[in-house]
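Okay, here's what each chain looks like letter by letter:
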There are 2 protein chains.
Amino acid sequence: MVKIPDSHPRKKSLLSRQMIVEGSDRGLLADSAMIAHGRGEAFDYLLGERTTESAESAIREAAARLRSANNPVISVNGNTVLLAGKKALRLAAFLGCPIEVNLYYRTPERISGLLSLLEEQRILVLEESEPSGFEGDWRESVRNVTLLGSSPDFRIEGLEGPRSHCTEEGIGNADSILVPLEDGDRCEALVNLGKEVIVVDLNPLSRSAKMATVTIVDEVSRAFEGMLADLFANPNRVPTEWDNASALRDSLVEIAEFLSES
Amino acid sequence: MVKIPDSHPRKKSLLSRQMIVEGSDRGLLADSAMIAHGRGEAFDYLLGERTTESAESAIREAAARLRSANNPVISVNGNTVLLAGKKALRLAAFLGCPIEVNLYYRTPERISGLLSLLEEQRILVLEESEPSGFEGDWRESVRNVTLLGSSPDFRIEGLEGPRSHCTEEGIGNADSILVPLEDGDRCEALVNLGKEVIVVDLNPLSRSAKMATVTIVDEVSRAFEGMLADLFANPNRVPTEWDNASALRDSLVEIAEFLSES
């Protein structure tokens with residue numbers, strides 16, 4: 001790994017890129033994953049590589065909705081595990097929900113590789129100091145996060161082929177799904193099943209962004225960090241009437257403002 | 001290769017992506033090339049995947065300047081050869097200039113692989129019907145395009161390591177360089193040598209875009225196509241006083257307009 005100096009103004013972005021390149025070298029990602037990451041880099045650049053105001057609202061709404069759900073689940077793909085796997089584990093520990101590895105281009109090798117990586121990340125989370133403000137046994141909650149995905153026994157209605165497979169215990173039974181970096185077709189199919197779908201997507205014009213119940217237009221690691229911070233600080237926040245189309249328009253305005261200031 | 005239906009609204013973009021994935025599988029690209037392509041996809045999306053008015057002006061200016069130059073050269077990297085190698089050959093045939101394969105992450109294997117691919121593309125260009133309006137022997141001109149890059153014997157001042165290497169016959173002696181998808185540092189070094197640098201870059205905020213003499217904010221294949229069309233239609237066009245900063249601002253306005261209409 002090339003060492004990036006601390007002073008580099010885009011250090012975080014370059015570190016994320018390295019994580020994706022290394023994950024690809026380790027066979028954890030589909031061919032298209034690096035291209036998808038590059039698209040994300042470009043959109044993040046246009047947001048100023050920061051969590052915008054409209055994204056902060058969406059993060060708060062997402063945190064409240066996941067906390068209020070009966071059966072939330074966090075669905076992760078390769079890029080999410082590489083960029084924010086530890087944060088996904090902390091979120092799942094807080095929410096008491098499972099994490100499901102669910103890939104659009106599913107292969108048994110990549111699923112098991114990503115589940116192994118999540119187990120390594122769980123050990124790292126357990127080695128960290130306990131967050132303050134958690135009611136209950138934090139380490140026990142981290143240990144109890146169920147990691148799903150190796151034995152799909154359920155199909156998402158309205159989709160065909162491997163991309164329709166999931167587990168009943170996870171996505172199948174969920175009433176609320178946090179699914180970063182999702183494909184548009186699958187997002188639509190999940191919404192059509194009556195599920196609440198919370199998407200993290202840097203492109204406010206993507207089909208996923210438009211289909212989701214709540215869209216967080218932010219980089220996945222920052223979005224998870226923001227949700228964790230809000231859950232710990234405001235554990236009793238309740239969902240609002242959420243106008244997702246209006247929130248997406250706000251994010252377009254924020255990009256346009258960034259462009260006009262450049 | 002997966003067959004993309006003709007009716008798909010983003011067919012061209014998906015075909016380009018396939019070309020990049022296949023080139024990567026064949027070892028013709030550095031790790032970061034797919035990520036760079038993804039960034040390009042995102043910016044092109046924001047341009048509406050079309051040549052904007054400001055890009056058309058830049059294309060005309062670039063064509064006039066290359067035609068007026070004493071020693072023009074076309075510097076290509078892996079993504080350019082994969083996406084627009086045949087068009088680069090036609091441009092070079094029209095201008096009577098060499099093409100130099102010049103890589104930021106240079107390896108002898110990738111240089112020779114890309115030179116071989118250009119030779120294959122030359123055969124395809126020779127099999128096509130002759131363009132009308134060319135003064136001279138078109139096929140002879142295509143056959144005469146010199147392909148450089150395998151034996152770098154010159155260094156770009158102000159750069160260190162392999163990225164500084166180039167050929168004297170090509171970039172070293174050139175007064176005008178068409179260099180799509182260039183790195184910011186190298187663009188700056190070439191400008192500092194007093195050369196005219198014409199960049200094709202989908203990100204109007206990139207350092208290359210800001211450093212270049214003329215920046216074409218467009219997808220490389222469309223930009224080359226536009227230059228070819230203008231050279232054949234207006235062979236006597238002359239360079240103007242070109243305000244590149246103003247042209248870049250125009251392209252930002254075009255993106256902002258696209259966003260506000262979405």
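The preceding data block contains the structure.
These lines cover the structure that appears in this document, whether it is placed above or below. (Residues numbered from 1 in each chain as written. Chains lettered and ligands numbered in written order. Predicted model: local features only at pLDDT ≥ 70, side-chain atom pairs only at ≥ 80, totals over all residues. Heavy atoms only, no water.)

Helix and strand counts for chain A stand at 11 helices and 8 strands. Relative to the globule expectation of 18 Å for 262 residues, the C-alpha radius of gyration of chain A, 17 Å, shows essentially globular dimensions. The principal-axis extent of the C-alpha atoms belonging to chain A is close to 50 × 45 × 45 Å. Counting the 262 residues in chain A, one finds 55% classified as buried. For chain A, the proportion of contacts with a sequence separation of at least 24, taken over those separated by at least 6, is 66%. Total accessible area on chain A is roughly 11,500 Å²; 48% of this is exposed by carbon and sulfur atoms. Of the side-chain charges in chain A, 28 are positive and 42 negative, and the distance between the mean point of each set is 3 Å. (Helix = DSSP H or I, 4+ residues; strand = E, 2+ residues; numbered from the N terminus. Rg over C-alpha atoms; globule rule 2.2 N^0.38 Å. Buried < 20%, exposed > 50% of the residue type's maximum accessible area, 1.4 Å probe, protein only. Contact = heavy atoms within 4.5 Å. Areas by Shrake-Rupley, 256 points an atom, 1.4 Å probe, with all protein chains shown as cover. Lys, Arg positive; Asp, Glu negative; His and termini not counted. Charge placed at Lys NZ, Arg CZ, Asp CG, Glu CD.)

Relative orientation and spacing of two packed helices are given, respectively, by the angle between their axes and the distance between those axes. All names here are of chain A. Two elements in contact, helix 4 (residues 78-95) and helix 5 (residues 108-127), have axes whose closest approach is 9 Å; the angle formed by their N-to-C orientations is 35 degrees. The hand of the helix 4/helix 5 crossing is right-handed. The segment helix 4 lies against helix 5, with G78, V81, L82, G85, K86, L89 and R90 engaging L114, L117, L118, Q121, R122, L124 and V125. Its residues assigned to classes, the contact of helix 4 with helix 5 shows 8 nonpolar, 3 polar and 3 charged. (Axes fitted to C-alpha atoms, helices over the stretch in contact; angles between N-to-C directions. Left-handed = near helix turned anticlockwise from the far one by under 90°. Nonpolar A, V, L, I, M, F, W, Y, C, P; charged D, E, K, R; others polar.)

Moving on: helix 2 (residues 32-46) of chain A. Residues and elements named next belong to chain A. Given a rise of 1.5 Å per residue, 15 residues ought to cover 21 Å, and the 22 Å separating the end C-alpha atoms of helix 2 matches this to within 8%. For helix 2, a buried count of 11 out of 15 residues is recorded, marking the element as mostly surrounded by other parts of the structure. Among all positions in helix 2, only A33, M34, I35, H37, G38, G40, E41, A42, F43, D44 and L46 are buried. (Expected span 1.5 Å × (residues − 1).)

In this section: the pairing of strand 6 (residues 176-180) of chain B. Residues and elements named next belong to chain B. Counting buried positions over the 5 residues of strand 6 gives 5, a clear majority of the element. Both faces of strand 6 are covered, namely the face carrying S176, L178 and P180 and the face carrying I177 and V179. Inspection of the sheet shows strand 6 paired to strand 7 (residues 196-200) by 5 bridges, in the parallel sense. Bridge assignment links I177 to a residue of strand 7, and that residue is V197. Considered for its hand, the β-α-β crossover made up of strand 6, helix 8 (residues 184-192) and strand 7 is right-handed. (Pairing = 2+ DSSP bridges. Right-handed = clockwise from strand over helix to strand, strands pointing away.)

To continue, consider the relation of the copies chain A and chain B. You can overlay chain A on chain B at an RMSD of 0.0 Å; the transform is a turn of 180 degrees with a shift of 0.0 Å along its axis. Seen this way, the second copy is the image of the first under a two-fold rotation axis. (Least-squares fit on C-alpha atoms with pLDDT ≥ 70 in both.)

Looking now at the sheet that holds strand 8 (residues 214-216) of chain B. Note on sheets: strands pair through backbone hydrogen bonds, and any given pair is parallel or antiparallel. Reading across the sheet, the 6 strands line up as 3-2-1-6-7-8 (chain B) and stay open at both edges, with parallel pairing between neighbours. The open sheet has two free edges, formed respectively by strand 3 (147-148) and strand 8 of chain B, since each of these has just one partner strand.

The next point concerns unusual backbone geometry. Even without being a glycine, A:L181 presents a positive backbone phi close to 55 degrees. Positionally, A:L181 belongs in the loop between strand 6 (176-180) and helix 8 (184-192). Its relative accessible area of 32% is what places A:L181 among the partly exposed residues. Even without being glycine, B:E49 reaches a positive phi, approximately 50 degrees.

Here the focus is a negative patch on the surface. Residues and elements named next belong to chain B. There is a patch of like negative charges on the surface, built from E53, E56, E257 and E261. For the negative patch, the elements supplying multiple residues, two or more each, are helix 3 (53-68) and helix 11 (244-261). For E261, the position within the fold is in helix 11. For E261, a relative accessible area of 65% gives the class exposed. (Patch = residues over 30% accessible without salt bridge, like charges linked within 9 Å, V, L, I, M, F, W, Y side chains within 5 Å. Salt bridge = Lys/Arg side-chain N within 4 Å of Asp/Glu carboxyl O.)

With that settled, consider the interface of chain A and chain B. Contacts between chain A and chain B engage 22 residues on the former and 23 residues on the latter. Taking both sides of the interface into account, the surface hidden between chain A and chain B amounts to around 2,200 Å²; carbon and sulfur atoms contribute 76%. Contact with chain B buries surface across chain A, with A:I35, A:L205 and A:L259 losing the most and accounting together for 27% of the total. In this structure, the connection of chain A to chain B is made through 2 salt bridges. Ionic pairing is found between A:R39 and B:E41, a salt bridge with its closest N-O pair at 2.7 Å. At the boundary of chain A and chain B, one finds 6 residue pairs in polar contact (both at pLDDT 80 or more). Counting residues per element, the ones that place at least two in the side of chain A that touches chain B are helix 1 (11-25), helix 2 and helix 11 (244-261) of chain A. Sort the elements by how many residues they give to the side of chain A that touches chain B and helix 2 of chain A lands first, with 10 residues. Across the side of chain A that touches chain B, the residue classes tally to 13 nonpolar, 4 polar and 5 charged. (Buried area = accessible area lost by both parts, 1.4 Å probe. Polar contact = N/O pair within 3.5 Å; in protein donor to acceptor, adjacent residues only side chain to side chain.)

Counting 105 residues, the largest nonpolar core has A:I99, A:M227, B:I99 and B:M227 as the members making the most contacts within it. Membership of the second largest hydrophobic core comes to 24 residues, among which are A:V217, B:L47, B:L202 and B:V217. (Core = buried A, V, L, I, M, F, W, Y, C linked by side-chain atoms within 4.5 Å.)

Residues and elements named next belong to chain B. At a closest axis distance of 9 Å, the pairing of helix 4 (residues 78-95) and helix 10 (residues 220-233) adopts a crossing angle of 15 degrees. In this view, helix 4 runs roughly parallel relative to helix 10, as classed from their interaxial angle. When the axes of helix 4 and helix 10 are compared, the crossing they make is left-handed. Here T80, L83, A84, K87, A88, R90, L91, F94 and L95 of helix 4 lie close against helix 10, whose contacting residues are V220, S221, F224, E225, M227, L228, L231 and F232. Partitioning the contact of helix 4 with helix 10 into residue classes produces 12 nonpolar, 2 polar and 3 charged. (Parallel < 35°, antiparallel > 145°, perpendicular 65-115°, else oblique.)

Remember that the coordinates give geometry; whether it matters functionally is a separate question.
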